Amino acid sequence: MFHVLYKYLDIDGAQWMLGLEERKYPNLQFTNATQLNDPFDCHPSLIDHEKNIDEKSPWPKEWLIEKERLDAENLRKRTWLSSFSKVYDSAPMWTHYCKQHTGICIGLNIEKVLASMPQWCGQIDMEPHILDVEYRDLKEVTNIYRPCCPQYTQWVTKDKSWEYEQEVRVIINNPVPWFAALTPDQAKRSKKGEVMDREEVHHYTKISGDCFHSIYFGKDINTKEKEKIINYIRKKLNPNAKIYQMTIDDNTPRLKAEEIK
């Protein structure tokens, strides 16, 4: 397990997570596996179900295959996860998830996060799981099923095209309902009478301020937003958190972090 893992966010998402805005407390967002930016994430098609049925079973083969597929789909629908990266200086991540380097990367002490989260957050598996994503070439349906722990395989397998993210996941299997909350946009939709699927609703678990190990500001972040967040971190969230400004390293085509004392 990595001591510190990193969360890339735009400025609104970062303030929401830090507890500056509507949530009013620091939190970790969990998203349903059907709502992720990779449409094949945790998808039943990752598994060749025909290769994993019991050939000695008296039930028809096509029934068993369909059951395996439905079980995998149901697992996907009851899985909520929060994604992290092992690195804070990935230029593609800053571009994709931080609105062209105007957002924030938050470093979390993952051991303190797990200790801070309620140990009964899941209805099926009480404690959250933390798993490294495994990257494979998924050009066609493949048999990646592990009979001893099929759900882990489905949770952590992604195509090699995503390998640059170096992702680690905290997973809750069927979270308890009182962690569910609407985003501001979803709340507006709800007031208009729009009905949302259960899978659209995020879950938020409260975490303590000492979970926030470090904060990295994007190279093009708004100065006023930056000052507001620094003031909040120093005075309220965690005075011991390290704060950095991302800049361009002129000697190598990479980003570098300069600590703000």
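The structure this text deals with has already been given above.
Just so we're clear, the structure is a prediction, and the values are computed from it rather than from any experiment.

Chemist: Quick question: what am I supposed to make of the overall build of the protein here?
Modeler: A tally of regular secondary structure across the protein gives seven helices and 13 strands. Taking 2.2 N^0.38 as the reference for a compact globule, 261 residues should give roughly 18 Å; the C-alpha atoms of the protein span a radius of gyration of 20 Å, in line with that estimate. Counting all 261 residues of the protein, 49% fall into the buried class. Sequence-distant contacts, at least 24 apart, represent 75% of the contacts inside the protein between residues at least 6 apart. For the protein, the exposed area adds up to about 13,800 Å²; of that, 50% sits on carbon and sulfur atoms.

Chemist: Which parts of the structure should I look at to understand unusual backbone geometry?
Modeler: Leaving glycine aside, a negative phi is the common case for residues, and trans is the common case for peptide bonds. A positive phi is found at Gln100, a non-glycine position, where the angle reads about 55 degrees. Turning to its location among the elements, Gln100 is positioned in the loop between α3 (91–97) and β4 (104–109). Positive phi outside glycine occurs at Gln166, with the angle close to 45 degrees. Considering the arrangement of structural elements, one finds Gln166 in the loop between β7 (157–159) and β8 (167–173). Residue Gln166 is classed as partly exposed on the basis of its relative accessible area, which comes to 35%.

Chemist: Would you mind showing me how to read the pairing of strand β13 (residues 254–259) here?
Modeler: When a strand is regular, its side chains alternate between the sheet's two faces. Across six bridges, strand β12 (residues 242–249) lies against β13 in antiparallel orientation. Of the residues in β13, the one forming a bridge with Tyr244 is Glu259.

Chemist: Any chance you could explain the pattern of salt bridges here in plain terms?
Modeler: Close approach of charged atoms lets side chains of opposite charge pair. Tallied over the full model, the rule gives 17 salt bridges. Taking the shortest distance from any N to any O, the salt bridge between Lys158 and Asp41 comes out at 3.6 Å. Here Asp41 lies in the loop between β2 (27–32) and α2 (61–77) and Lys158 lies in strand β7, a separation of 117 residues in the sequence. One exposure class covers both Lys158 and Asp41, and it is buried. Glu200 is the partner of Arg189 in a salt bridge, and the nearest nitrogen-oxygen pair spans 3.0 Å. Of the two residues, Arg189 sits in helix α6 (residues 184–191) while Glu200 sits in the loop between α6 and β10 (202–206), which places them eleven residues apart along the sequence.

Chemist: Just to check I follow, could you spell out the layout of surface pockets for this structure?
Modeler: Rolled over the atoms, a probe as big as a water molecule pinpoints where empty space is left. Taken as a whole, the largest pocket holds about 990 Å³ of empty space. Lys7, Leu9, Gln29, Thr31 and Tyr97 are the residues nearest the centre of the largest pocket, which is lined by 38 residues in total. Looking at the lining of the largest pocket, the elements with two or more residues in it are β1 (4–9), α1 (11–18), β2, β3 (79–85), α3, β8, α6 and β10. Per-element accounting of the lining of the largest pocket gives the leading share, five residues, to β3. The residue makeup of the lining of the largest pocket, split by class, is twelve nonpolar, 13 polar and 13 charged.

Definitions and cut-offs
Within any chain, residue numbers begin from 1 and follow the written order of that chain's sequence. Restriction of local features to residues with pLDDT of at least 70 applies here, the model being predicted, together with a cutoff of 80 or more for giving and counting side-chain atom pairs; totals for whole chains, interfaces and linings are based on all residues. Note that water and hydrogens are dropped before the side-chain values are worked out from all heavy atoms of the structure. Here a helix means four or more residues in a row that DSSP labels H or I, a strand means two or more in a row labelled E, and each is numbered from the N terminus. To get the radius of gyration, use the C-alpha atoms; to get the globule rule, take the number of residues to the power 0.38 and multiply by 2.2 Å. Burial classes follow relative accessibility: with a 1.4 Å probe on protein chains only, a residue under 20% of its type's maximum area counts as buried, one over 50% as exposed, and anything between as partly exposed. Here, residues are in contact when the closest pair of their heavy atoms is within 4.5 Å. Accessible surface area values rest on a Shrake-Rupley calculation with a 1.4 Å probe, where residue burial reflects the displayed protein chains alone. Two strands qualify as a pair provided that DSSP identifies no fewer than 2 bridges between them. What counts as a salt bridge is simple: a side-chain nitrogen of Lys or Arg found within 4 Å of a carboxyl oxygen of Asp or Glu. Detection works on a 1 Å grid of protein atoms alone, calling trapped sets that fit a 1.4 Å probe cavities and calling open sets with protein on both sides within 12 Å along at least five of seven lines pockets, with lining residues defined by an atom within 4 Å of a point. Grid points are joined across faces, edges and corners, and a volume is the space filled by probe spheres set on the points. Under the convention adopted here, Pro, Cys and the residues Ala, Val, Leu, Ile, Met, Phe, Trp and Tyr are nonpolar, Asp, Glu, Lys and Arg are charged, and Gly plus all remaining residues are polar.

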